[in-house]
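# Residue-level structural notes
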Amino acid sequence: MKQLQLLMGMPITVEVVDPSVTEADIEKVFAYFRAVDDIFSTYKKHSEISKINRGELCAEEYSDEMKTILALSEQTKQETQGYFDIQHNGIADPSGIVKGWAIFQAATMLKKAGCTNFYIDAGGDIQVSGKKDGNPWRIGIRNPFNRKEIVKVLAVMDKGIATSGTAIRGQHIYDPHLLHTPLQDIVSLTIIGPNVYEADRFATASFAMGKRGINFIEQLPGFEGYMIDASARATFTSGFERYVL
Amino acid sequence: MKKTIVSLVIIGTFIIYSIIHAHSGLAVVVPNTSVGSRSSSSSGTTPSSTETPGAPVTPNAIATPGSRYKDGSYTGSVDDAQWGFVQVKAVITNGKITNVQFLQYPNDRNRSIDINSYADPQLSSEAIQAQSANVDIVTGATDSSEAFIQSLSDALSQARA
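In this report, we go over the structure that sits alongside the text. None of these values were measured; they are calculated from a predicted model. (Residues numbered from 1 in each chain as written. Chains lettered and ligands numbered in written order. Predicted model: local features only at pLDDT ≥ 70, side-chain atom pairs only at ≥ 80, totals over all residues. Heavy atoms only, no water.)

## Quick notes on the overall build of chain B
The number of helices and strands found in chain B is four helices and six strands. Here chain B holds 161 residues, and 27% of them are scored as buried. Long-range contacts, defined here as pairs at least 24 residues apart, represent 43% of the contacts in chain B between residues at least 6 apart. (Helix = DSSP H or I, 4+ residues; strand = E, 2+ residues; numbered from the N terminus. Buried < 20%, exposed > 50% of the residue type's maximum accessible area, 1.4 Å probe, protein only. Contact = heavy atoms within 4.5 Å.)

Listed below in structure tokens is the structure:
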């Protein structure tokens, strides 16, 4: 059973291949994402995060979900040398951590409902569980220069995959001071981690590190990364090829 | 960082070695020494970096009375320190080592690259290439055009209400 809905400004897909799954199980997942969006969307005037940013709530009034996310954000900030920071110009925007966390919570809900073989994909950040038809799930890394293309095919089970990047910048951008040298900026960084929460938060932080980001991932036990730069070259970590189909 | 540590260790080792040596009564750096025990007798116990006597670059070196070294500048041999080559120049003034200059030490231009590649991340690199295989799911940065479409459709749905 596979369903897609547009939520939180992105397409969210849930596919469960266990025959025991019911439509209600999947609907619960989408209802959960809507609830998360109601709390954390900075685009919604009446969301809790918007109220906090307007100074309308004091810390004691925060929901448990908000307290959890703020604590996880602070922890991530410390683990990434400050590269992950939800504070920008005095406004808190925890969307860099909420998505991965919400997908992970939704996956936990499906497991509690008895599902073992499924994936949840929210805007390209994915939690996979078990297998599909006896084989690992096949995940393609999108070409940042041509969104119709796949540049790598991964075979994964029980992992989280997340990609940070800029899809609109391409190799046609050059540094005016170095006209003949292609920009070495990073356009896409895909992380495979123990779960999507971990993969997502470290993808966000290491993307912000620029070229050093892939070195940061190399040093992180249990994580692999595939970085694509503006000259269409990929740099990947030592254990990455284990997942390449 | 590692290079700095390696360099400091070498410099430190040499200085300690020089101090020990200065007190041991052996003059291995200076060839044809006329003072103290013969330098060749020390070859069995001295590290390779000073084993080979360097040629004195200052001719007519004058022996200071009572000292173990002749004044002058002495360039040591080039020695393999396993992770790179070391070569030093010792300056003797008034029979004492007054300066030790490193003419060569391991850096990124030579074999220290080996040790660095062991210690540093083992990253690989390739040109990206389109794949034809079928996939179940696609990971990629959330497309701004996707977000634009979503935002627009959201705005339009509000406009409808």
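## Examining the environment of N135 of chain A
Mapping N135 of chain A onto the fold places it in strand β8 (residues 135-143). Distance from N135 of chain A to V156 of chain A, taken between C-alpha atoms, is 8.9 Å for residues 21 residues apart in sequence.

## Some thoughts on the nonpolar core
Where a protein is soluble and globular, its nonpolar side chains tend to be buried together. Residues and elements named next belong to chain A. Counting residues in hydrophobic clusters, the biggest one holds 38 residues, and the most contacted among them are V14, V16, F33, F40, L110 and I120. Among the elements of the structure, β2 (10-16), α1 (23-40), α2 (48-53), α3 (64-79), α4 (95-112), β5 (118-122) and α5 (196-208) are those that each provide at least two residues to this core. Setting aside anything within four residues of it in sequence, one finds V16 in contact with M1, V21, I26, L110, C115, N117 and F118. Counting residues in each nonpolar core, the second largest holds 22 residues, with I126, I139, V187 and Y226 among its members. (Core = buried A, V, L, I, M, F, W, Y, C linked by side-chain atoms within 4.5 Å.)

## Looking at the pairing of β2 of chain A
All names here are of chain A. Judged by how many residues are buried, β2 sits mostly within the fold: six of seven residues are covered. As judged from the six bridges shared by strand β1 (residues 2-7) and β2, these two strands associate in the antiparallel manner. Bridged to L4 within β2 is T13. Here five bridges tie β2 to β5, and the two strands are oriented antiparallel to one another. Across the sheet, E15 pairs through a bridge with Y119, a residue of β5. (Pairing = 2+ DSSP bridges.)

## Things to note about the pattern of salt bridges
Under the definition given, this model contains 13 salt bridges over all chains. The partner of K152 of chain A in a salt bridge is E126 of chain B, with the nearest N and O atoms 2.8 Å apart. Of this pair, K152 of chain A sits in strand β9 (residues 146-156) while E126 of chain B sits in strand β5 (residues 124-127), placing the two residues on different chains. The partner of R242 of chain A in a salt bridge is E224 of chain A, with the nearest N and O atoms 3.2 Å apart. With R242 of chain A in the segment after β13 (233-236) and E224 of chain A in strand β12 (residues 224-229), the pair connects residues that are 18 residues apart, well separated along the chain. Salt bridges sharing common partners tie together E15 and K132 of chain A together with D136 of chain B. (Salt bridge = Lys/Arg side-chain N within 4 Å of Asp/Glu carboxyl O.)

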